[in-house]
Amino acid sequence: MEIIKTKNNDELSAKAAEIIADKVKSMDKPVLGLATGSTPVVTYEKLIEKVKAEEVSFKNVKTFNLDEYIGLSGEHENSYRYFMNDILFNHIDIDLKNTYIPNGLAEDAAEECAAYEALIKAEGPIDLQILGLGLNGHIAFNEPGSSFEGRTQETKLTASTIEANARFFDSMDEVPTTAVTMGIGTILEAKEILLLVQGEAKAEILKEVLNGPVTEDVPGSILQKHPNVTVITDIEL
Ligand code: GLP
């Protein structure tokens, strides 16, 4: 595991954007795994700048997002589809048809999960997976206790995750309580993983992820076993 320590979020994001852009430039048909949350926002802004400066093109890129809330349509401003279009896809030269995110309104969630999993198999493997870290150690929406072998599945969000994500909604009651998430087993099949962790609030959990026992109680700890992980953080370790 390589750990890159940065001074602040701007430097973290610049480094992350550079690694992503280099990966895209180095391949004919790159497949990226993308994350939502606040952490990658500035990274995405920096990627947009690079596309506008014609340093990199996303014309041949396919993307798979990690997760989506169940019950929100892609037009809902709190859905991850809306977020990704708004914050990245609408500003770069990617074909929206090549951006995959689970459908939060699928009639049959289990079928949607199986279809998403099959799509990753068909188009993958994912060359570079971007990950954030939840305050409780979750990756994507794999909450503590999730199996390390899990595939794309429906999951119940914990009270702490609902509370953490309430900041994006008008009230706690509006935060969805279930989601579709790539499983940890699916995530681990990415050839390379870039974990971005920003802000002192995550200091303790990041230490557990990096140095603690590998346990399903701390989902991110499994990254210790992946052969190609880079962590970028502005946290003093
Ligand atoms: C959500 C997402 C995760 C993300 C996490 C951390 O729960 N499903 O993929 O990593 O939030 O978000 P933030 O970066 O806002 O702290």
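Preceding this paragraph is the structure being described.
This is a predicted model, so every value here is computed, not measured.

A. Here's a closer look at the site of the ligand. Inspection of the region around the ligand gives 13 residues, with Ser38, Thr39, Asp67, Arg167 and Lys202 positioned closest. With respect to the ligand, the backbone of Ser38 contributes an N or O atom lying 2.8 Å from an oxygen atom. Within the complex, 93% of the 390 Å² of free accessible area of the ligand lies under protein. For the shell around the ligand, the residue count by class is 4 nonpolar, 6 polar and 3 charged.

B. The arrangement of helix H4 (residues 109-123) in detail. Between the first and last C-alpha of H4 there are 21 Å, a value that for 15 residues agrees with the 21 Å anticipated at 1.5 Å per step. Among the residues of H4, those classed as buried are Ala109, Glu112, Cys113, Tyr116, Glu117 and Ile120. Viewed along the axis of H4, the buried residues span an arc of 135 degrees, placing them on a single side of the element. Relative to its buried face, H4 has exposed residues pointing more than 90 degrees away, namely Ala110, Glu111, Lys121 and Ala122. In this fold, the buried residues of H4 make contact with strand E3 (62-65), strand E5 (99-100), strand E7 (153-156), strand E8 (178-181) and helix H6 (184-188). Its side-chain oxygen 3.1 Å from the backbone nitrogen of Ala110, Asp108 forms the N-cap of H4.

Reading guide: rules and limits
Residues numbered from 1 in each chain as written. Predicted model: local features only at pLDDT ≥ 70, side-chain atom pairs only at ≥ 80, totals over all residues. Heavy atoms only, no water. Near = heavy atom within 4 Å. Polar contact = N/O pair within 3.5 Å; in protein donor to acceptor, adjacent residues only side chain to side chain. Areas by Shrake-Rupley, 256 points an atom, 1.4 Å probe, with all protein chains shown as cover. Nonpolar A, V, L, I, M, F, W, Y, C, P; charged D, E, K, R; others polar. Helix = DSSP H or I, 4+ residues; strand = E, 2+ residues; numbered from the N terminus. Expected span 1.5 Å × (residues − 1). Buried < 20%, exposed > 50% of the residue type's maximum accessible area, 1.4 Å probe, protein only. Arc of directions from axis to C-beta. Contact = heavy atoms within 4.5 Å.

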